[in-house]
Amino acid sequence: MSDADSFREREFECELFARELFMRPEYYPWVKQLSARRTNRWYSLIVTLDETGADLTEIKSLGEDIYRIFVFDVTRSPTFKTSGDYIIRFSLAGRMWNTTIWHIPAPYHDI
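Since this is a predicted model, take the numbers as computed values, not measurements. (Residues numbered from 1 in each chain as written. Predicted model: local features only at pLDDT ≥ 70, side-chain atom pairs only at ≥ 80, totals over all residues. Heavy atoms only, no water.)

### Describing the overall build of the protein
Test applied: Going along the chain from the N terminus, every DSSP run of H or I of four or more residues is numbered as a helix, and every run of E of two or more is numbered as a strand. When we talk radius of gyration, it's over C-alpha atoms, and the globule rule is simply 2.2 Å times the number of residues to the 0.38. Partly exposed residues are those whose accessible area sits between 20% and 50% of the maximum for their type, while under 20% is buried and over 50% is exposed, using a 1.4 Å probe and protein chains only. Any pair of residues with heavy atoms lying within 4.5 Å of one another is described as a contacting pair.
Scanning the protein for helices and strands turns up 6 helices and 4 strands. Of the regular secondary structure in the protein, the N- to C-terminal order runs α-α-β-α-α-α-β-α-β-β. Expected size for 111 residues packed as a compact globule is a radius of gyration near 13 Å; at 14 Å, the protein falls within 12% of this value. Once the C-alpha set of the protein is aligned to its principal axes, its extents read approximately 45 × 30 × 20 Å. Split into buried and exposed, the 111 residues of the protein put 45% on the buried side. The contacts in the protein between residues at least 6 apart in sequence include a share of 50% that link residues at least 24 apart.

Written out as structure tokens, the structure reads:
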């Protein structure tokens, strides 16, 4: 497998991990704190997971070269006033990879 193929595979793993943050109960404390984050500011994912007491094993399994540049920002959606939903953008700083998740926090959606 080439280095490019290997990195694409790891990008796919990042995509899966970003989505699992919203589906797995052990990450609920991290999800719940998103509304307290300043909008349009990039945050280190591993640092914020650590701040909420989340287990870091899975993010560390992506490799140090990935988890140290895995970042996210939170933006209020265009319909925030009526729905309370957020857009969370994940990226690898300095790389072309990114993914976006549209999240509707409780009580609008039971995560």
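What follows continues from the structure just given.
### Focus: the nonpolar core
The cut-off we apply is this: To form a nonpolar core, buried Ala, Val, Leu, Ile, Met, Phe, Trp, Tyr and Cys residues must be joined to one another through side-chain atoms within 4.5 Å.
Counting 30 residues, the largest nonpolar core has Trp-30, Leu-45, Leu-49, Ile-59, Phe-70 and Phe-90 as the members making the most contacts within it. At the level of secondary structure, the elements contributing two or more residues to this core comprise α1 (3-20), α2 (28-32), α3 (45-51), α5 (64-67), β2 (70-76) and β3 (86-92). Sequence-distant contacts of Trp-30, defined by excluding residues within four places in its chain, comprise Leu-21, Phe-22, Leu-45, Thr-48, Leu-49, Thr-52, Phe-72 and Phe-90.

### Overview of the sheet that holds strand β1 (residues 43-44)
Rule in force here: Following DSSP output, two strands are said to pair if at least two bridges run between them.
Spatial strand order, β1-β2-β3-β4: 4 strands in an open sheet with antiparallel pairing. Two strands in the sheet have a free side with no partner beyond their single neighbour: β1 and β4 (98-103). In this sheet, β2 lies alongside β1 in antiparallel orientation, the contact comprising 2 bridges. Paired with Tyr-43 across the bridge in β2 is Phe-72.

### Details of the pattern of salt bridges
Stated formally: For salt bridges, the criterion is a side-chain nitrogen of Lys or Arg within 4 Å of an Asp or Glu carboxyl oxygen.
Scanning the model with the defined rule gives 7 salt bridges in all. In this structure, Glu-15 engages Arg-19 in a salt bridge whose closest nitrogen and oxygen atoms are separated by 2.8 Å. Of the two residues, Glu-15 and Arg-19 both sit in helix α1, 4 residues apart, roughly one turn of that helix. A relative accessible area of 33% places Arg-19 in the partly exposed class.

### Description of the pairing of β2
Of all 7 residues in β2, 6 are buried; the element is thus mostly enclosed. Across 7 bridges, β2 lies against β3 in antiparallel orientation. Residue pairing across strands places Val-71 opposite Ser-91, the latter belonging to β3.

### Observations concerning the environment of Ile-87
With respect to the secondary-structure elements, Ile-87 resides in strand β3. We classify Ile-87 as buried; its relative accessible area is 16%. Separated by 72 residues in the primary sequence, Ile-87 and Glu-15 place their C-alpha atoms 15 Å from one another. Setting aside residues up to four positions removed in sequence, Ile-87 forms contacts with Asp-73, Val-74, Thr-75, Ser-77, Pro-78, Thr-100, Ile-101 and Trp-102.

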